[in-house]
Amino acid sequence: MNIILLGPPGAGKGTLSKKIIENLNAVQISTGDIFRYNIKNETPLGLKAKGYMDKGDLVPDEVTIDLLWDYFDKLENKEEGELIVLFDGFPRTLNQAKSLDDGMDQRNQKIDGVIYFDVDYDTLIKRTTGRRVCPNCGATYHVENHPPKVEGICDNCGTELIQRKDDKLETVKNRIDVYNEQTSVLIDYYTQKGILKSIDGTKSVDEIFDEFNNKLGELN
Ligand SMILES: Nc1ncnc2c1ncn2[C@@H]1O[C@H](COP(=O)(O)OP(=O)(O)OP(=O)(O)O)[C@@H](O)[C@H]1O
Ligand SMILES: Nc1ncnc2c1ncn2[C@@H]1O[C@H](COP(=O)(O)O)[C@@H](O)[C@H]1O
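Just so you know, these numbers come straight off a predicted model, no measurement behind them.

Student: Could you give an account of the sheet that holds strand E7 (residues 196-200), with specific residues and numbers?
Tutor: Reading across from one edge, E2-E3-E1-E4-E7 is the order of the five strands in this open sheet, with parallel pairing throughout. Edge strands, defined here as strands with exactly one partner in the open sheet, are strand E2 (26-30) and E7. Averaged over all pairs of adjacent strands, the angle between strand axes in this sheet comes to 25°, irrespective of strand direction. The sheet contact formed by strand E1 (residues 2-6) and strand E3 (residues 84-88) spans four bridges and is parallel. By the bridge assignment for E3, Asn2 is matched with Val85.

Student: Could you give an account of the site of ligand 2, with specific residues and numbers?
Tutor: Residues in contact with ligand 2 amount to 16 residues; listed here are only the nearest, Thr31, Arg36, Asp57, Gly89 and Arg92. Separating a nitrogen atom of ligand 2 from a backbone N or O atom of Val59 is a distance of 3.0 Å. Within the contact set of ligand 2, a nitrogen atom lies 2.9 Å away from a side-chain nitrogen or oxygen of Arg92. Considered on its own, ligand 2 offers 480 Å² of accessible surface; in the complex 96% of this is hidden by protein.

Student: Please give an account of the pattern of salt bridges that cites residues and values.
Tutor: Under the criterion given, the structure shown has 15 salt bridges. Between Asp33 and Arg36 there is a salt bridge, with its nearest N and O atoms 2.8 Å apart. Highlighted residues: Asp33 and Arg36, both in helix H2 (residues 31-40), separated by three residues, approximately one helical turn. Residue classification places Asp33 among the partly exposed residues on the basis of a relative accessible area of 39%. Residue Lys193 pairs with Asp101 through a salt bridge whose shortest N-O separation is 3.4 Å. In this pair, Lys193 is assigned in the loop between helix H8 (185-192) and E7 and Asp101 in helix H5 (residues 94-106), connecting sequence segments 92 residues apart. By relative accessible area, Lys193 is classed as partly exposed at 43%. Via salt bridges that share partners, Arg131, Arg164, Asp166, Asp167 and Arg175 belong to a single interconnected network.

Cut-offs and rules
Residues numbered from 1 in each chain as written. Chains lettered and ligands numbered in written order. Predicted model: local features only at pLDDT ≥ 70, side-chain atom pairs only at ≥ 80, totals over all residues. Heavy atoms only, no water. Pairing = 2+ DSSP bridges. Helix = DSSP H or I, 4+ residues; strand = E, 2+ residues; numbered from the N terminus. Axes fitted to C-alpha atoms, helices over the stretch in contact; angles between N-to-C directions. Near = heavy atom within 4 Å. Polar contact = N/O pair within 3.5 Å; in protein donor to acceptor, adjacent residues only side chain to side chain. Areas by Shrake-Rupley, 256 points an atom, 1.4 Å probe, with all protein chains shown as cover. Salt bridge = Lys/Arg side-chain N within 4 Å of Asp/Glu carboxyl O. Buried < 20%, exposed > 50% of the residue type's maximum accessible area, 1.4 Å probe, protein only.

Written out as structure tokens, the structure reads:
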């Protein structure tokens, strides 16, 4: 099954992905994580993406779409119905969504459902600006909602936590504007296709996971 997690920055897409992977037979393709990995490792792709990401702008479609298919085509067992492939942070433009449809057609696959996270502006600001991440293992925390056991230190690997550069307030505001201008149009796009399911993203992670499971049942 191919499922898109659609929502603004800080909506909880990565957090829900982690929970789904822990509990179900699922894999995640997060274009943001792939870009961050490439920036950390100073690859040509990372160098291309960095300027856009630091400002909170979108990386150009031609770069992002090719990257998505590179990863998707390397996934094993995706033809077997039980595996859930989670698209986290892709598509983010109408052009990306149309390319995704075309590419799925060519592969005799389809997008089975889109889970849209409904979260208000103030919550998004609090979640993003309070987010802390481990630069070593990628674990995500929040200074209030999900603090590590020892302040500023990753529970898993003991590394000092950092704030993502694009989680500074001014950059977050730009990312939300970019979402409203270029991504939110996808809510209508997928509603018209009859595959969009909304969830209340302000609830607890466990409640959101339960809601996800219910919506998955409706899509099956
Ligand atoms: N349901 C929730 N309740 C409280 N806090 C949450 C919830 N979901 C996520 N968070 C916290 O909000 C922050 C953002 O969550 P997450 O990284 O999952 O968002 P995202 O949608 O993947 O964001 P982005 O698109 O910017 O990468 C994190 O610090 C996370 O711990
Ligand atoms: N699908 C995408 N299109 C363009 N740019 C993207 C896409 N996915 C990620 N990016 C860039 O990465 C950052 C962070 O992404 P998160 O999913 O929020 O971690 C995003 O602001 C874009 O610059």
